[in-house]
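Residues per chain, in single letters:
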Amino acid sequence: MAKKKYYVVWSGHKKGVFSSWDKCKKQIDGYQGAQYKAFADKTEAQLAYNKNYLAYKGKNTKKPTLTAAEKEKFGKPNLESISVDAACSGNPGRMEYRGVLTHNKQQIFIEGPYKRGTNNIGEFLALVHGLALLKSKNKEDIPIYSDSKIAMSWVRKKQCRTNLVFDPSNKDLLDLIKRAEKWLNQNSFKNPILKWETKAWGEIPADFGRK
């Protein structure tokens, strides 16, 4: 018996997470530029729907989630930390980001929404915001968790490597990106930036929960 799959439709007659191929097919048939993908379980599909199609394009998303033994290899997250995340409706679209205390999800900052942003930009800005906040409070031993490898890479390179085109409606966001890059180039930090292992630990505490 074939294992049940879940289907995410980012662009179609109706967007959402669907529990069968037939239901998914109805949303993409005859829809120009439809964006959809199959996932091995519902949690993974819901996580993907809150992000964007480009983050999953070309990836094998049909593999089942980790077993208990596989999860053990990741250990447990350091709860004495902060976690950051972003949410974006569209690519580009309405974007916002925030940071929370990992152990209790208490929000410590939130910014946005910004017009014509992307999820990766939001993740990058959230990391820089978190680093600057911790440095201002002399808490450079506190780790920061992110579930975005791309944003973590941009921070290491001190550059937001986006191809977002200038538009009068997103000038404030592009100015904020320049400020973040300037901060990275003019400041040092010691805070460990750690990858949040979603498959092993579930949603990052800063997740906006818009599934």
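Up top is the structure these notes are about.
Rules of the game
- Residues numbered from 1 in each chain as written.
- Predicted model: local features only at pLDDT ≥ 70, side-chain atom pairs only at ≥ 80, totals over all residues.
- Heavy atoms only, no water.
- Buried < 20%, exposed > 50% of the residue type's maximum accessible area, 1.4 Å probe, protein only.
- Helix = DSSP H or I, 4+ residues; strand = E, 2+ residues; numbered from the N terminus.
- Pairing = 2+ DSSP bridges.
- Axes fitted to C-alpha atoms, helices over the stretch in contact; angles between N-to-C directions.
- Parallel < 35°, antiparallel > 145°, perpendicular 65-115°, else oblique.
- Left-handed = near helix turned anticlockwise from the far one by under 90°.
- Contact = heavy atoms within 4.5 Å.
- Nonpolar A, V, L, I, M, F, W, Y, C, P; charged D, E, K, R; others polar.
- Expected span 1.5 Å × (residues − 1).
- Disulfide = S-S within 2.5 Å.

**Examining the pairing of strand E1 (residues 6–11)**
With six of six residues buried, E1 lies mostly within the body of the structure. Across five bridges, the pairing between E1 and strand E3 (residues 35–39) is antiparallel. Residue pairing for E3: Ser 11 is matched across the bridge by Gln 35.

**Some points on the packing of helix H4 (residues 119–136) against helix H5 (residues 149–157)**
To characterise two packed helices, one gives the angle between the axes of the helices and the distance between these axes. Close contact between H4 and H5 brings their axes to 8 Å; oriented N to C, the two are set at 55°. With respect to H5, the element H4 is oriented oblique. When you trace H4 past H5, the crossing you get is right-handed. Where H4 approaches H5, its residues Asn 120, Ile 121, Glu 123, Phe 124, Leu 127, Val 128 and Leu 131 are matched on the opposing element by Ile 150, Ala 151, Met 152, Trp 154 and Val 155. Split into classes, the residues belonging to the contact of H4 with H5 amount to ten nonpolar, one polar and one charged.

**A look at H4**
Its 18 residues place the ends of H4 26 Å apart at the C-alpha level, agreeing with the 26 Å of an ideal helix rising 1.5 Å per residue. Turning to H4, its buried residues number three or more, namely Asn 119, Ile 121, Gly 122, Glu 123, Phe 124, Leu 125, Ala 126, Leu 127, Val 128, Gly 130, Leu 131 and Leu 134. Two residues or fewer past H4, Asn 138 is found with a positive phi of approximately 55°.

**Focus: the sheet that holds E3**
Pairing is antiparallel across the open sheet formed by three strands, whose spatial order is E2-E1-E3. The sheet terminates laterally at strand E2 (16–18) and E3, the two strands that pair on one side only. Each strand of the sheet is rotated relative to its neighbour by a mean of 20°, with strand direction disregarded. Against the sheet, helix H1 (residues 21–28) makes contact with E1, E2 and E3, and its axis sits at roughly 10° relative to E1, the strand it touches most. Across the face of the sheet, helix H2 (residues 42–49) comes into contact with E1, E2 and E3 while running at roughly 5° to E1.

**A word on the state of the cysteines**
Evaluation of the coordinates by the stated rule reveals zero disulfides. You can see Cys 88 has no disulfide; the closest cysteine sulfur is in Cys 160, sitting 12 Å from it. The exposure class assigned to Cys 88 is buried, which follows from its relative accessible area of 12%.

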